[in-house]
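Tertiary structure, described
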Amino acid sequence: SIKEAARVSMITKRLFASKMPGRFEGKVAIITGSSNGIGRETALLFAKEGAQVTVTGRNLERLEKSRQALLDAGISESNFLIVSADITTSSGQDKLIGETLEKFGKLNILVNNAGASIKDPENKTGISQGLDVYEQTMKINVESVIGLTQKTRPHLAKTKGDIVNVSSIVAVKAGWSLLAYYPMAKAALDQYTRSAAIDLISEGIRVNTVNPGIVKTGFHESEFGWSAEEAKKFYDDMGANRSSIPVGFTGRPEHIAKTIAFLADRDSSEYIIGQNIVADGGTTLVLGIHANVLNSLSNS
Ligand code: NDP
């Protein structure tokens, strides 16, 4: 019968699908900041799609959670490596790259995802924050990316590899009075990406950024010294306010992981070079003058 034929065809398709190689089969990826948030989700997605991944961060407990998440997803220990390293140090960068090459023998993808808005030790805000906060902010969001890009360049040139930097919508042309330095760092990262992209494409290496809007991770807990409940309230309130996030909900790590995967997969995005792909639920489309209109529409 037609019904029976459709059932057999569906089963055959499923069998084939389970044998189809993943997008990242045979690829080796370093994902920085994968002890938490967006990076952990990206490591999971890449590994599920066949990549061998290096998971990294400084915090051992967080790294252990990532290890457990990979094992729970059925990823074998031979397909991932955990490296604890502070990537703002040259020795941390060397350790990360060295151990990856030692275990997997090559590098195809670098995701520069680690980043942070550094909390002021005296709770100062905006342009009153000291130069030490500025310097630490530049170190993690920009200098670590410069160092890792320079050091992985010969390895990525060999494999015609791909780099995805995780920037932010704070890099757009708007003022950020509460925290001035983090947006400056991400704007610098966007511009660095353009220069790196035009320089490295002659060696076959592609560089792009994803610029997320607000995403539920550990980011705002670190940024403002919030508790998990305070952060949850912030994400819930933001998501319920369409003048902040027009799509009507706060971003989740997988939204960004999928965008990173698109930009890291040559087959999907080969012709995209040095671009900033915004994934923000529409946040950057809203100007202050729209806010009241959007609010009244969403309340009606
Ligand atoms: P999380 O705070 O959840 O994760 C940050 C990750 O960066 C952790 O794994 C942390 O590891 C790592 N990291 C921080 N400093 C260092 C360091 N010196 N050396 C090594 N690793 C470090 O935040 P997200 O997942 O949200 O952040 C990921 C990226 O997304 C960042 O670049 C952030 O700027 C960007 N972003 C996030 C947004 C959001 O709303 N969440 C919005 C826009 C951009 P550990 O603690 O183990 O050292």
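We now turn to the structure provided with this report.

Cut-offs and rules
- Residues numbered from 1 in each chain as written.
- Predicted model: local features only at pLDDT ≥ 70, side-chain atom pairs only at ≥ 80, totals over all residues.
- Heavy atoms only, no water.
- 1 Å grid on protein atoms, 1.4 Å probe; cavity = no way out; pocket = protein on both sides within 12 Å on 5 of 7 lines; lining within 4 Å.
- Points joined across faces, edges and corners; volume = space filled by probe spheres on them.
- Helix = DSSP H or I, 4+ residues; strand = E, 2+ residues; numbered from the N terminus.
- Nonpolar A, V, L, I, M, F, W, Y, C, P; charged D, E, K, R; others polar.
- Axes fitted to C-alpha atoms, helices over the stretch in contact; angles between N-to-C directions.
- Left-handed = near helix turned anticlockwise from the far one by under 90°.
- Contact = heavy atoms within 4.5 Å.
- Phe/Tyr/Trp six-rings, centres within 6.5 Å; stacked < 30°, edge-to-face > 60°.
- Pairing = 2+ DSSP bridges.
- Buried < 20%, exposed > 50% of the residue type's maximum accessible area, 1.4 Å probe, protein only.
- Right-handed = clockwise from strand over helix to strand, strands pointing away.
- Near = heavy atom within 4 Å.
- Polar contact = N/O pair within 3.5 Å; in protein donor to acceptor, adjacent residues only side chain to side chain.
- Areas by Shrake-Rupley, 256 points an atom, 1.4 Å probe, with all protein chains shown as cover.

1. Brief notes about empty space enclosed by the protein
The rolling of a water-molecule-sized probe over the atoms marks out the regions of remaining empty space. In this structure the tally under the stated criterion is one cavity of 30 Å³ or more. When its volume is computed, the largest cavity comes out at roughly 40 Å³. Lining of the largest cavity is provided by S117, I118, Q129, V133, T137, L179, A180, Y181 and Y182. Elements with a minimum of two residues in the lining of the largest cavity: helix 5 (131-159) and helix 6 (181-200). The class makeup of the residues in the lining of the largest cavity is six nonpolar, three polar and no charged.

2. Considerations on the packing of helix 4 (residues 90-104) against helix 5
The axes of two packed helices give the description: the angle between them and the distance between them. The geometry of helix 4 relative to helix 5 is characterised by a closest axis approach of 10 Å and an angle of 35° between their N-to-C directions. Taken as a pair, helix 4 and helix 5 cross one another with a handedness that is right-handed. Contacts between helix 4 and helix 5 involve S90, Q93, D94, L96, I97 and L101 from the former and E143, S144, G147, L148, K151, T152 and H155 from the latter. Looking at the contact of helix 4 with helix 5 residue by residue, the class counts come to four nonpolar, six polar and three charged.

3. Observations regarding the packing of aromatic side chains
What the rule picks out here adds up to six aromatic pairs. A ring pair is formed by Y134 and Y181, whose centres lie 5.4 Å apart and whose planes are at 80°; its orientation type is edge-to-face. One end of the pair, Y134, is in helix 5; the other, Y181, is in helix 6, and 47 residues separate them in sequence. Members of the aromatic cluster, connected to one another through ring pairs, are F224, W226, F234 and Y235.

4. Things to note about the pairing of strand 3 (residues 80-84)
Across five bridges, the pairing between strand 2 (residues 52-57) and strand 3 is parallel. When the sheet's bridge partners are listed, G57 is paired in strand 3 with S84.

5. Quick notes on the sheet that holds strand 3
Backbone hydrogen bonds are what pair the strands of a sheet, in a parallel or an antiparallel way. Reading across the sheet, the seven strands line up as 3-2-1-4-5-6-7 and stay open at both edges, with parallel pairing between neighbours. The sheet terminates laterally at strand 3 and strand 7 (276-279), the two strands that pair on one side only. Across this sheet, the average inter-strand angle for adjacent strands is 15°, counted without regard to direction. Contacts from helix 5 reach strand 4 (109-112) and strand 5 (162-166) within the one sheet, and its direction differs from that of strand 4 by about 175°.

6. Side note on the environment of K103
Take K103: it is sitting in helix 4. Note on K103: relative accessible area 38%, which makes it partly exposed. The sequence separation of K103 and I289 amounts to 186 residues, and the corresponding C-alpha distance is 54 Å. Each residue touching K103, except ones within four places of it in the same chain, is listed here: E77, S78, F80 and L81.

7. Description of the pairing of strand 2
For strand 2, a buried count of five out of six residues is recorded, marking the element as mostly surrounded by other parts of the structure. Here four bridges tie strand 1 (residues 28-31) to strand 2, and the two strands are oriented parallel to one another. In the sheet register, A29 faces strand 2, and the bridge partner there is V53. You can see the chain leave strand 1, run along helix 2 (residues 37-48) and come back into strand 2, and the turn it takes is right-handed. Where the polypeptide runs from strand 2 across helix 3 (residues 60-72) and back to strand 3, its parallel neighbour, the crossover connection is right-handed.

8. Notes on the site of the ligand
Around the ligand lies a shell of 31 residues, among which N36, R58, R62, Y182 and T217 are the nearest. A distance of 3.0 Å separates an oxygen atom of the ligand from a polar atom in the backbone of G33. Here an oxygen atom of the ligand sits 2.6 Å away from a polar atom, N or O, in the side chain of R62. Taken by itself the ligand offers 890 Å² of open surface, and the protein chains cover 95% of this. Listing elements by their share of the shell around the ligand, those giving two or more residues are helix 2, helix 6 and helix 7 (219-224). A class-by-class count of the residues in the shell around the ligand yields 11 nonpolar, 16 polar and four charged.

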